Structure formats: C-alpha cells, structure tokens
Amino acid sequence: TPKVKYRHLQYDLTERRLFDEDRPSADSALASIDGGLYFERKTQLFGEDLLHTLEPRIFYLYSEYEDQTDHPDFDSTELTFGYNQLFRETRFAGRDRLDDANHAAIGVSTRFIGDADGREIASASLGQIFYFEDRKVRLRPTDQPQETSSSELAAELYFSPSDRCGLRGNLFWDPYSGKVNSGSIQTNYTDDKSRIFNLGYSYRRPIAGSRSAVTEQLHLSAWVPLQSNWSLFASWNYSIEAKTSIEDMVGLEYDTCCWTVRLLHLRYFDTVVGQIPDFNDPQLAREDATQIQIRLKGMGGFGNRVTGLLEDMIRGFDERDY
C-alpha cells in the first residue's frame, strides 16, 4: 500500500512574546509504503481446531524536515511507544509538529484463531524501527535530535482461553543499554452477570536524558452488580517504589430501564504535568473529589466526566443505554 501526502501548517498568533513571527508556517512532503504477507495453516491445540497465522510486515516512511523551533506547541505530545507505533506516520499526537522521518519498521505477528467461531485465542508480535537519519523535529527548541539508529524492541502478547478472561502483556527492550525500558501485564475476568475484575502490573524506567522517574505500579479494579439494580465499583493504583496508593476510587450505581445514578469518591495526588512527584514530601497534598452523575438513557444528563473516569480506571467498563 503506497501513500503520498503533502502537509502544510500555519499559525496566526495574536500574542507572540515568545516567537519571532506572528504567522509561522511549515511544509513537508510525506511518502510511505506498507506491505506484508499472511501465511496460515490448520492446526490443533488441546483438541481444538485452530487457524494458525504468521504475518510478517515491513513499513518504510520518509518525511521531509523543516525547522519548526519557532513554532508554538498548544496540545501536542510524543506518542507512547508501542508495537502499533512501528507502523504510524507520525511520532506526535496533535497537529503542532510535522515530524521528519527516514526509517523502515519490521515486525512479525502470529495468531491462533478458533476455527469454529473465529475468536482470537492467542497472539504475539515482535518488531523494531531502523532509522536512516536523526530525528530533528522535537516538541521543544532545546530538545536535542534523536540520534539512535534503531528503536526499542517491542513485544506484545495476548492470551484468551475463553471469552470471559484474558491476559495482555507488553515489553520494550533497549538494545543500547541491554535493559528493559518498560513493560506491563494485565489480566481481566468478566462473567454473564456483568461482573468485571482486573489485576495489572506496570514498570517504566527513566529514559536517558529525560527527567522522568521510575514508575512501578500495581492496579486493581472491579465492577460488581448487587441485587435490586445496585452495583459497586472500585479502582486502586499502588506505587511500589513510593509504597503508597497514588490513586483510588470507590463508587455506587443505581440503574433502571430509563435512568442511572452514580456516586463516586476519588483520591489522588495533584501534581504538575511533567513534574517528578516526591511522595515523601509532606507538602505534597492528596486531593479528594466526590462526583455524581445522572443519566436519562437516550436523552443525556449531567456529570459525564464520571463515565470517562470509569472507562479509564476500570478496563472492560462499557457504558450502556439499555
């Protein structure tokens, strides 16, 4: 699949104390080619008929460089690296940067798919990006170009022995330091009574040259329907290195055919974005927030931020309108 683009970015700044121009602009041509093969065969595992696939993939991307050090950054950020990031056209979220690129990504995936129902039972993926030029476009003018010749080695794993439970994991290994930069594993369980249980672990070490800190966390969350239209839900994020809970939530729901009421209480640390929190600092305050949501199904309501919190903090939660 070949692709060609031409991108143009321009601003009209009414207040530019930090910039030399009031109408900075940038242009960049982009070309990519994405190709792969699908091999498949019939097999059996534990007496079940399966379709086994092998899916190699290669992706080449070229994007022109143009200096953007005098451009603002309103809402852009660098995307979190993952296996899917190998095959994206940009390394930024948002529209404030036209990033330069000249690289090839190589990956391979394998899947086991149920022959009877088409359900994916297990999959594994492994891949890496190989850079032919330094990446000069950065979010901040003071950031140095990225000079490594390859990315981290990205691995992902998924296993679901039934449609009620599953296991997901990922691992990112740095070939230059020989260390694992980050990784996570999470298991979930749901049943026909709409109960949800999640257990997870994540680790991320500081990247060389950054101000980020080691994060090692445990995550627990649950959604438990009770009798008479009531449900109880909770989430808990625990920092292993800080030995403290950094975010926890508990709440209650009453649901009928036509309307839903939710009440939740949330505790968290109020930190500045980009700041490394010191959980031993007595001046670091823990914030409390209590929120209520009332939904008229099919008609709207208020307190919609509660839905977003539940989707973020309880994996598998799905808002329902029935």
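From a predicted model like this one, the values you see are computed outputs, not experimental measurements. (Residues numbered from 1 in each chain as written. Predicted model: local features only at pLDDT ≥ 70, side-chain atom pairs only at ≥ 80, totals over all residues. Heavy atoms only, no water.)

### Describing the overall build of the protein chain
Here comes step 1: Across its full length, the protein chain holds 1 helix and 18 strands.
Here comes step 2: When the backbone C-alpha atoms are referred to their principal axes, the protein chain occupies close to 60 × 60 × 45 Å.
Here comes step 3: Expressed as a percentage of its 322 residues, the buried residues of the protein chain come to 36%.
Here comes step 4: On the protein chain, roughly 19600 Å² of surface is accessible, and the fraction owed to carbon and sulfur atoms is 54%.
Here comes step 5: Taken together, the 36 basic and 51 acidic charged side chains of the protein chain have centroids lying 3 Å from each other. (Helix = DSSP H or I, 4+ residues; strand = E, 2+ residues; numbered from the N terminus. Buried < 20%, exposed > 50% of the residue type's maximum accessible area, 1.4 Å probe, protein only. Areas by Shrake-Rupley, 256 points an atom, 1.4 Å probe, with all protein chains shown as cover. Lys, Arg positive; Asp, Glu negative; His and termini not counted. Charge placed at Lys NZ, Arg CZ, Asp CG, Glu CD.)

### Concerning a negative patch on the surface
Here comes step 1: Together, Glu 48, Asp 49, Asp 117 and Asp 163 line one region of the surface with negative charge.
Here comes step 2: Position of Asp 49 relative to the elements: it lies in strand 4 (residues 48–63).
Here comes step 3: Residue Asp 49 is classed as partly exposed on the basis of its relative accessible area of 42%. (Patch = residues over 30% accessible without salt bridge, like charges linked within 9 Å, V, L, I, M, F, W, Y side chains within 5 Å. Salt bridge = Lys/Arg side-chain N within 4 Å of Asp/Glu carboxyl O.)

### Structural notes on the state of the cysteines
Here comes step 1: Per the stated rule, a full pass over the model turns up 0 disulfides.
Here comes step 2: This cysteine, Cys 257, is not joined by any disulfide, and Cys 258 carries the nearest cysteine sulfur, 3.2 Å off.
Here comes step 3: Taking the relative accessible area as the measure of exposure, Cys 257 reaches 65% and is therefore exposed.
Here comes step 4: For Cys 258, a relative accessible area of 47% translates into the label partly exposed. (Disulfide = S-S within 2.5 Å.)

### Things to note about the packing of aromatic side chains
Here comes step 1: By the definition in use, this model includes 10 aromatic pairs.
Here comes step 2: Ring plane angle 45° and centroid distance 5.2 Å describe the contact between Trp 223 and Phe 317, whose orientation is recorded as tilted. Linking Trp 223 in strand 13 (residues 215–225) with Phe 317 in the segment after helix 1 (305–313), this pair joins segments that are 94 residues apart in sequence.
Here comes step 3: Classification of Trp 223 by relative accessible area gives buried; the value is 3%.
Here comes step 4: Residue Phe 317 is classed as buried on the basis of its relative accessible area of 9%. (Phe/Tyr/Trp six-rings, centres within 6.5 Å; stacked < 30°, edge-to-face > 60°.)

### Side note on a nonpolar patch on the surface
Here comes step 1: Side chains of Ile 33, Ile 58, Tyr 60, Tyr 62, Ile 106, Phe 130 and Phe 132 sit close together on the surface and give an oily, nonpolar patch of about 650 Å² of accessible area.
Here comes step 2: With 3 residues, the top contributor of residues to the nonpolar patch is strand 4.

### Considering the layout of surface pockets
Take a probe with the size of a water molecule and roll it over the atoms, and the empty space left behind shows itself.
Here comes step 1: Taken as a whole, the second largest pocket holds about 950 Å³ of empty space.
Here comes step 2: Asn 170, Ser 184, Gln 186, Ser 202 and Arg 315 are the residues nearest the centre of the second largest pocket, which is lined by 37 residues in total.
Here comes step 3: Classifying every residue of the lining of the second largest pocket gives 12 nonpolar, 17 polar and 8 charged. (1 Å grid on protein atoms, 1.4 Å probe; cavity = no way out; pocket = protein on both sides within 12 Å on 5 of 7 lines; lining within 4 Å. Points joined across faces, edges and corners; volume = space filled by probe spheres on them. Nonpolar A, V, L, I, M, F, W, Y, C, P; charged D, E, K, R; others polar.)

### Brief notes about the pairing of strand 15 (residues 244–255)
Here comes step 1: When strand 14 (residues 230–239) meets strand 15, the two strands line up antiparallel, connected through 10 bridges. By the bridge assignment for strand 15, Trp 236 is matched with Asp 248.
Here comes step 2: The turn linking strand 14 back onto strand 15 is made up of 4 residues, and Lys 243 within it adopts a positive phi angle of 55°.
Here comes step 3: Relative to strand 16 (residues 259–269), strand 15 is paired through 9 bridges, and the arrangement is antiparallel. Residue pairing for strand 16: Met 249 is matched across the bridge by Leu 266.
Here comes step 4: Hairpin connection, strand 15 to strand 16: the antiparallel pair is bridged by 3 residues. (Pairing = 2+ DSSP bridges.)

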